[in-house]
Amino acid sequence: TVPNDDGTKPRVMFSCHTDTVHRDDGVQHICYNRSKQQYYKKDGKPLGADDAAGAWVMLEMIDAGVPGVYVFHRGEECGGIGAKFVSKDVAFLSQFDRAIAFDRRGIDSVITHQGWSRTASDKFAQALANELCADMTLMYSPDDTGVYTDTAEFTDVIPECTNISVGYALEHSDQESLDILHFVALADRVVHIDWDALPLLS
């Protein structure tokens, strides 16, 4: 937890997951395409930006002292094992008004639906998109085509649960890549947002 300046607990949870779809241990050999500004691999295995990219963004936020409770989930790729465990702790979850995951493909999504269910209001998603786009570097908007990430498990308790694009594409495949320009711009922007000030659906 990174507390507010006045010592109170923030009412926002930041979420990512630490597992990837790799089946082999050991050091990865990463390639960089300078013209496309992308990281990728060429050994027939995924890059693992899903969700190492989200974990890195959250570590940058912690380092910058952004108030929030940071949850690094395990087992998202295996059906949300860690998040399902956390979802049983209603007392823990009830301290939050917002749960924000950094685990979405692409460069422009603030997710309002995961699977067939709404997880965040349009009001909240638009306000967050506006904050992300405030310096005119990023281009975010509400997106109702989300699939699943850990915050989907918390919607019965936390009013606003979303997922934000972190710049990876073609996840889980040998073509997975990470848009480094977007990735760095996102990490630069999120440390300037007043997350607890984002509106809630009343």
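Because the structure is a prediction, the values reported are computed rather than measured.

## Section: the pattern of salt bridges
Then step 1. All chains considered together, the criterion is met by nine salt bridges.
Then step 2. Measuring nitrogen to oxygen at the nearest pair gives 2.7 Å for the salt bridge that ties Asp97 to Arg11. In this pair, Asp97 sits in the loop between α3 (90–93) and β5 (98–104) while Arg11 sits in the segment before β1 (12–17), placing the two residues 86 residues apart along the sequence.
Then step 3. By relative accessible area, Asp97 is classed as buried at 15%.
Then step 4. Of the charged contacts, one joins Asp43 and Lys41 as a salt bridge, the two residues approaching to 3.2 Å between their closest N and O atoms.
Then step 5. For Asp43, a relative accessible area of 41% puts it in the partly exposed group.
Then step 6. Salt bridges linked by common partners bring Arg11, Asp97, Arg98 and Asp196 together as one network.

## Quick word on helix α4 (residues 122–132)
Then step 1. Where α4 is concerned, the buried positions are Phe124, Ala125, Ala127, Leu128, Ala129 and Leu132.
Then step 2. Tucked inside the fold, the buried residues of α4 contact β5, β6 (109–111), β9 (141–143), β10 (160–165) and α5 (180–190).

## Some thoughts on the sheet that holds strand β11 (residues 168–169)
Then step 1. If you walk across this open sheet you meet the four strands as β2-β3-β12-β11, and the pairing is antiparallel. Unpaired on one side and paired on the other, β2 (31–33) and β11 mark the two borders of the sheet.
Then step 2. With two bridges connecting them, β11 and strand β12 (residues 177–179) associate as antiparallel partners. Within β12, the residue paired with Ala169 across the bridge is Ser177.
Then step 3. Packed onto the sheet, α5 meets β2, β3 (38–40) and β12 and runs at close to 55° relative to β12.

## Structural notes on the packing of aromatic side chains
The way to describe two aromatic rings as a pair is by their centre distance and the angle between their planes.
Then step 1. All chains considered together, the criterion is met by seven aromatic pairs.
Then step 2. An angle of 80° between the planes, with centres 5.2 Å apart, marks the rings of Phe92 and Phe96 as edge-to-face.
Then step 3. Where Phe102 meets Trp195, the ring centres are 6.4 Å apart and the plane angle is 80°; that geometry is what we call edge-to-face. Of this pair, Phe102 sits in strand β5 while Trp195 sits in the segment after α5, and the two are 93 residues apart along the sequence.
Then step 4. What makes Phe102 buried here is its relative accessible area of 0%.

Rules of the game
- Residues numbered from 1 in each chain as written.
- Predicted model: local features only at pLDDT ≥ 70, side-chain atom pairs only at ≥ 80, totals over all residues.
- Heavy atoms only, no water.
- Salt bridge = Lys/Arg side-chain N within 4 Å of Asp/Glu carboxyl O.
- Helix = DSSP H or I, 4+ residues; strand = E, 2+ residues; numbered from the N terminus.
- Buried < 20%, exposed > 50% of the residue type's maximum accessible area, 1.4 Å probe, protein only.
- Contact = heavy atoms within 4.5 Å.
- Pairing = 2+ DSSP bridges.
- Axes fitted to C-alpha atoms, helices over the stretch in contact; angles between N-to-C directions.
- Phe/Tyr/Trp six-rings, centres within 6.5 Å; stacked < 30°, edge-to-face > 60°.

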